[in-house]
Amino acid sequence: MPAVQETVEQVRAIDVDQYKYGFSTEIEMELAPKGLSEDIVRYISARKNEPAWMLEWRLDAYRRWLTMREPEWARVDYPQIDFQDMYYYAAPKSNAAPQSLDEIDPAILETYKKLGIPLREQEILAGVAPEKRIAVDAVFDSVSVVTTFKEELRKSGVIFCSISEALQEHPELVRQYIGSVVPTTDNFYATLNAAVFSDGSFVYIPPDVRCPMELSTYFRINEQKTGQFERTLIIADKGSYVSYLEGCTAPMRDENQLHAAVVELIAHDDAEIKYSTVQNWFPGDAEGKGGIYNFVTKRGDCRGARSKISWTQVETGSAITWKYPSCILRGDDSQGEFYSIAVSNGAQQVDSGTKMIHLGKNTRSRIISKGISAGRSQNTYRGLVSAHRRATNAKNFTNCDSLLIGNACGAHTVPYIESKTASAVFEHEATTSKVSEDQMFYCMQRGLTQEEAIALIVNGFVKDVLQQLPMEFMVEAQKLIAISLEGSVG
Amino acid sequence: MSLLEIKNLTAKLAEEDKQILNGLNLTVEKGQVAAIMGPNGSGKSTLSYVLAGREDYEVTGGEALLDGENILELDPDERAAKGLFLAFQYPIEIPGVGQMTFLKAAINAQRRKNGLDEIATPEFIKLVNGRAKELGISQDMLRRSVNVGFSGGEKKRNEILQMALLQPKLAILDETDSGLDIDALKIVADGVNAMRSPDRGFVVITHYQRLLDYIKPDVVHVLSAGRIIKTGGPELALELEAKGYADIVGKAA
């Protein structure tokens with residue numbers, strides 16, 4: 001496995017500062033006044049020149065949010081967030097609807113270059129085989145700065161743009177689907193997001209179209225004291241297919257920053273959506289100072305018969321992760337999948353899992369969760385599998401494995417299972433194991449260094465899930481996992 | 001220069017005070033097969049772990065020279081790269097890590113430390129397939145995770161496969177015969193015998209004479225209470241088999 005070696009070399013190169021995306025970009029920003037009020041909601045909506053119904057929708061959400069309380073049931077611990085002490089909108093000043101890359105601030109282009117995200121189509125076209133092309137929507141703080149390959153995608157009828165642009169160009173589609181999977185009333189953070197979301201990606205795949213390339217969104221938080229509230233909406237019409245990848249990084253700052261996103265997926269009859277996340281927000285330092293609060297609501301609706309939604313996530317970053325990508329299996333014979341690797345080190349806290357809601361007949365779901373805890377971190381899997389009365393022959397298979405590295409971390413598994421139909425078959429398997437000194441010694445006796453041994457053992461543990469990632473990201477994810485665990489032994 | 005020279009080695013479990021090795025002296029020459037026999041608790045496995053560098057043990061005195069260099073300060077992986085191999089009494093399972101992945105990672109880790117290029121994949125596959133066949137290791141076993149779901153005999157054969165691929169200077173076999181039936185014992189012994197060479201030494205740790213019928217030792221040492229108390233030729237093993245340890249251990253004490 002050459003990736004193991006690459007991993008180790010990368011870890012060495014990084015040395016003390018494990019988080020290589022921790023730089024910040026100096027750039028002039030336009031910030032909304034600090035704090036949250038109806039005026040701020042109006043400000044954001046006005047900045048985006050939104051239709052009146054959108055503003056009303058946001059204001060409804062805002063008013064409801066005022067009456068809601070933060071959820072406290074997750075196994076995470078953090079000081080009270082002061083929602084008035086942050087900015088809800090931050091956009092690069094120069095970004096007045098750029099028509100081409102040449103109009104984008106070079107500092108932003110440089111940022112994405114440093115992050116290894118290709119934004120120049122010509123460069124991508126020159127170097128890589130056509131099937132390896134990936135269309136990228138780059139979101140910088142509150143706004144989308146560029147979306148690549150839009151024209152080419154349009155030829156097959158695929159719409160891929162920022163959600164702000166979709167509100168201008170395709171308001172009817174947005175209006176039809178937004179909030180239809182995660183309603184504005186859903187939960188504290190989702191409601192907050194509905195009020196103040198500033199950008200995100202929009203995807204529509206027309207009937208019977210197989211999206212000709214991987215789509216991805218790259219989220220970057222840069223500004224200080226700024227929350228990122230993006231909203232992603234993906235619609236796969238009848239018989240279509242799309243694979244979508246999301247990546248995230250942020251500078252190292254010693255304050256906590258809030259990221260409260262909402263992702264809604266809709267799969268019609270016979271459509272399939274594969275959604276992968278490689279989440280690498282700044283996790284805070286070893287003492288737990290700083291880092292991103294990642295409070296995210298992600299949900300897919302298998303609305304049509306025989307539709308399929310598959311979530312794959314590799315979670316290595318964030319000070320706190322609170323996220324449960326879920327599937328509503330509404331259509332008969334629809335399928336939901338959740339593959340997760342959650343790595344926590346240092347003082348990170350992870351409370352993550354999924355919900356599989358079986359509503360239709362013969363619906364199937366599969367959950368494979370691998371939690372790896374090191375340092376003083378706490379890593380919780382929380383999941384719900386439920387079958388409605390009508391969901392005859394619903395089937396679920398769940399496998400939750402936890403791996404502990406060292407003696408100061410914790411792994412917790414909290415599965416909820418509810419079945420209202422006698423014909424449902426739900427299986428649940430769970431294991432907790434430790435990277436043993438025996439395994440380490442065995443590998444080292446054969447010549448592997450301590451770092452190589454850990455990388456090998458952990459990669460073995462997560463193999464089932466890594467295989468679900470798009471090929472291009474498998475190696476990347478392997479490296480990321482090893483880097484996240486650097487310094488976890490010895 | 002001797003291949004391995006252990007001088008007055010003392011060691012204990014890191015977390016306990018009780019000394020297990022008590023001034024052990026032992027020399028293994030190149031080309032030699034040295035058998036170490038001894039009753040339970042005499043320090044046989046401790047010796048193999050201390051030589052390989054297991055952290056649970058603390059060396060309190062003495063040295064162990066491999067090719068003239070004291071290895072006791074080195075990390076286990078550095079000792080491995082210098083040509084020390086330990087065939088484990090209880091080989092460890094590593095779920096999810098394919099055998100081929102593991103073997104290649106080990107070979108390349110050692111090659112890198114010795115300033116060599118990594119092995120090319122076709123060459124590696126050819127090498128593994130050749131050795132595996134000699135040891136009766138099936139393709140199915142090579143496709144599984146390291147030692148996961150292997151029978152006792154399969155695990156031991158797998159240790160010998162690793163030894164054959166890594167080509168160590170000094171191989172320590174820690175009770176490789178335990179849990180083996182006669183057929184498996186023969187395969188393992190054939191694997192070891194095929195690797196005997198004028199440049200390579202073996203330390204064969206065992207309770208029983210039986211293994212030594214198949215791997216003929218050049219010299220037999222008796223270990224008791226953390227020291228070599230008697231050294232002789234192959235006939236010493238037969239004597240032990242006939243009379244038991246009590247006789248010799250009693251005389252030495």
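Residues numbered from 1 in each chain as written. Chains lettered and ligands numbered in written order. Predicted model: local features only at pLDDT ≥ 70, side-chain atom pairs only at ≥ 80, totals over all residues. Heavy atoms only, no water.

Peer 1: Explain the overall build of chain B to me, please; I cannot follow it from the model alone.
Peer 2: From N to C terminus, chain B includes 10 helices and 12 strands. A principal-axis box enclosing the C-alpha atoms of chain B has dimensions of 55 × 40 × 35 Å. For chain B, with 253 residues in total, the buried portion stands at 55%. A separation threshold of at least 6 residues defines the contact pool for chain B, and within that pool the share at least 24 residues apart is 69%. Here chain B contributes 30 positively and 36 negatively charged side chains, and the mean placements of these two sets differ by 4 Å. (Helix = DSSP H or I, 4+ residues; strand = E, 2+ residues; numbered from the N terminus. Buried < 20%, exposed > 50% of the residue type's maximum accessible area, 1.4 Å probe, protein only. Contact = heavy atoms within 4.5 Å. Lys, Arg positive; Asp, Glu negative; His and termini not counted. Charge placed at Lys NZ, Arg CZ, Asp CG, Glu CD.)

Peer 1: Got a minute to help me understand the overall build of chain A in this structure?
Peer 2: A count of helices and strands for chain A gives 13 helices and 23 strands. Split into buried and exposed, the 490 residues of chain A put 63% on the buried side. A total of about 18,300 Å² of accessible surface is found on chain A, and carbon and sulfur atoms cover 48% of it. (Areas by Shrake-Rupley, 256 points an atom, 1.4 Å probe, with all protein chains shown as cover.)

Peer 1: Honestly, the nonpolar core in this entry has me stumped. Any pointers?
Peer 2: Soluble, globular proteins show a tendency: their nonpolar side chains are buried together. Ranked by size, the top nonpolar core spans 112 residues in total, and within it Ile341, Ile372 and Ile481 of chain A together with Ile6, Leu24, Leu47 and Met163 of chain B carry the most contacts. Dropping the residues within four chain positions of it, Ile481 of chain A is found in contact with Val314, Thr316, Ile341, Val343, Val458, Val462 and Leu466 of chain A. By size, the runner-up hydrophobic cluster in this structure holds 53 residues, among which are Ile40, Val76, Ile178 and Tyr189 of chain A. (Core = buried A, V, L, I, M, F, W, Y, C linked by side-chain atoms within 4.5 Å.)

Peer 1: What am I meant to see in the interface of chain A and chain B here?
Peer 2: Many authors give the size of an interface as the accessible area that is lost as the parts come together. Every contact between the two is made by 20 residues of chain A and, on the other side, 33 residues of chain B. Together, the buried faces of chain A and chain B total about 2,300 Å²; carbon and sulfur atoms form 62% of this surface. Here chain A and chain B share 3 salt bridges between them. A salt bridge links Asp438 of chain A to Arg54 of chain B; its shortest N-O distance comes to 2.7 Å. Across the contact surface, chain A and chain B share 15 residue pairs in polar contact (both at pLDDT 80 or more). Counting only elements with at least two residues in the side of chain A that touches chain B, the list comes to α10 (437-445) and α11 (450-461) of chain A. With 8 residues, α10 of chain A is the single largest residue contributor to the side of chain A that touches chain B. When its residues are assigned to classes, the side of chain A that touches chain B shows 9 nonpolar, 6 polar and 5 charged. (Buried area = accessible area lost by both parts, 1.4 Å probe. Salt bridge = Lys/Arg side-chain N within 4 Å of Asp/Glu carboxyl O. Polar contact = N/O pair within 3.5 Å; in protein donor to acceptor, adjacent residues only side chain to side chain. Nonpolar A, V, L, I, M, F, W, Y, C, P; charged D, E, K, R; others polar.)

Peer 1: Looking at this structure, how should I read the side chain of Glu214 of chain A?
Peer 2: Residue and element names in this part refer to chain A. Along the chain, Glu214 turns up in strand β7 (residues 214-220). It is Lys274 that comes nearest to the buried, bridge-free Glu214 among opposite-charge side chains, at 7.6 Å. Within polar-contact distance, the side chain of Glu214 engages the side chain of Ser243 at 2.9 Å.

Peer 1: Whenever I open this one, the packing of aromatic side chains confuses me. Can you help?
Peer 2: Where two aromatic rings form a pair, the distance of their centres and the angle of their planes describe that pair. Residue and element names in this part refer to chain A. This model, assessed by the stated rule, comprises 24 aromatic pairs over all chains. Centre to centre, the rings of Trp65 and Phe188 are 5.4 Å apart; their planes meet at 45°, and the pair counts as tilted. Note that Trp65 is positioned in helix α3 (residues 52-66) and Phe188 in helix α9 (residues 188-196), a separation of 123 residues in sequence. In this structure Phe188 comes out as buried when scored by relative accessible area, which is 7%. For the pair Tyr88 and Phe229, a centre-to-centre distance of 5.3 Å together with 15° between the ring planes defines the contact as stacked. (Phe/Tyr/Trp six-rings, centres within 6.5 Å; stacked < 30°, edge-to-face > 60°.)

Peer 1: How do you make sense of the sheet that holds strand β1 (residues 4-13) of chain B when you look at a structure like this?
Peer 2: One key point about sheets: their strands pair by backbone hydrogen bonds, in either a parallel or an antiparallel sense. Residues and elements named next belong to chain B. Read from one edge to the other, the open sheet built from 4 strands follows the order β2-β1-β4-β5, with strand pairing classed as antiparallel. The outermost strands of the open sheet, each flanked by one partner alone, are β2 (19-28) and β5 (69-70). By the bridge criterion, 8 bridges tie β1 to strand β4 (residues 57-66) in an arrangement that is antiparallel. When the sheet's bridge partners are listed, Glu5 is paired in β4 with Leu65. (Pairing = 2+ DSSP bridges.)

Peer 1: Is there a simple way to think about unusual backbone geometry in this case?
Peer 2: Excluding glycine, residues mostly have negative phi values, and the peptide bonds linking residues are mostly trans. Residues and elements named next belong to chain A. You will see that Asn49, though not glycine, has its phi angle at about 55°, which is positive. As for its position among the elements, Asn49 is in the loop between α2 (38-47) and α3. Asn49 gets classed as exposed once you look at its relative accessible area, which sits at 57%. In this structure, Asp270 takes a positive phi of about 60° despite not being glycine.

Peer 1: Where do I start with helix α3 (residues 99-113) of chain B in this structure?
Peer 2: Think of an α-helix as 3.6 residues a turn; residues three or four steps apart then line up on the same face. Residue and element names in this part refer to chain B. With 15 residues, α3 ought to run about 21 Å at 1.5 Å a step, and its terminal C-alpha atoms sit 21 Å apart, in line with that. Along α3, the residues classified as buried are Gln99, Phe102, Leu103, Lys104, Ala105, Ala106, Ile107, Asn108, Ala109 and Gln110. Immediately beyond the C-terminal end of α3, within one or two residues, lies Gly115, with a positive phi of roughly 70°. (Expected span 1.5 Å × (residues − 1).)

Peer 1: I'm lost on the confidence of the model for chain B in this one. Help?
Peer 2: Detail in the predicted coordinates should be disregarded across regions flagged by low pLDDT. Residues of chain B with pLDDT of at least 70 account for 99%, and the chain-wide mean is 92. On the interface metric, ipTM, the complex scores 0.95, and its pTM is 0.79. (pLDDT = per-residue confidence, 0-100.)

Peer 1: Sorry if this is basic, but what is going on with the state of the cysteines here?
Peer 2: Two cysteines, two sulfur atoms, one covalent bond between them: this is a disulfide. Enumeration according to the criterion identifies 0 disulfides over all chains in this entry. You can see Cys409 of chain A has no disulfide; the closest cysteine sulfur is in Cys400 of chain A, sitting 17 Å from it. (Disulfide = S-S within 2.5 Å.)

Peer 1: For this particular structure, what's the right way to read the pattern of salt bridges?
Peer 2: Between side chains of opposite charge, a pair can form when the charged atoms approach closely. The tally for this structure, following the rule as stated, stands at 34 salt bridges over all chains. Among the ionic pairs, Lys298 of chain A bridges to Glu246 of chain A, the shortest N-O distance being 2.9 Å. Here the residue Lys298 of chain A occupies a position in strand β13 (residues 291-302), and Glu246 of chain A occupies one in strand β9 (residues 241-249), the gap between them amounting to 52 residues. The pair Lys298 of chain A / Glu246 of chain A is uniform in exposure class, with both members buried. We note a salt bridge from Asp218 of chain B to Arg196 of chain B, for which the minimum N-O separation is 3.6 Å. In this pair, Asp218 of chain B is assigned in the loop between α8 (210-214) and β11 (219-224) and Arg196 of chain B in the loop between α7 (182-195) and β10 (201-206), connecting sequence segments 22 residues apart.

Peer 1: What is the right way to read the pairing of strand β8 (residues 231-236) of chain A from this model?
Peer 2: On any regular strand, side chains alternate: one points to one face of the sheet, the next to the other face. Residue and element names in this part refer to chain A. With 6 of 6 residues buried, β8 lies mostly within the body of the structure. Residues Arg231, Leu233 and Ile235 of β8 are buried on one face, and the alternating residues Thr232, Ile234 and Ala236, pointing to the opposite face, are buried as well. Two elements, strand β6 (residues 201-205) and β8, share 4 bridges in a ladder whose sense is parallel. In the strand pairing of β8, Phe202 is matched with Leu233. Pairing between β8 and strand β11 (residues 262-267): 6 bridges, direction parallel. Bridge pairing in β11 links Ala236 to Ala267.

Peer 1: Explanation requested: the packing of α2 of chain A against α3 of chain A in the structure shown.
Peer 2: Two quantities define a packed helix pair, namely the angle between the helix axes and the distance between the axes. Residues and elements named next belong to chain A. Here α2 crosses α3 at 155°, and the two axes come no closer than 10 Å. Our classification of the angle between α2 and α3 gives roughly antiparallel. Crossing handedness for the pair α2 and α3: right-handed. Contact residues: Glu38, Val41, Arg42, Ile44 and Ser45 in α2; Leu55, Arg58, Leu59, Tyr62 and Arg63 in α3. (Axes fitted to C-alpha atoms, helices over the stretch in contact; angles between N-to-C directions. Parallel < 35°, antiparallel > 145°, perpendicular 65-115°, else oblique. Left-handed = near helix turned anticlockwise from the far one by under 90°.)

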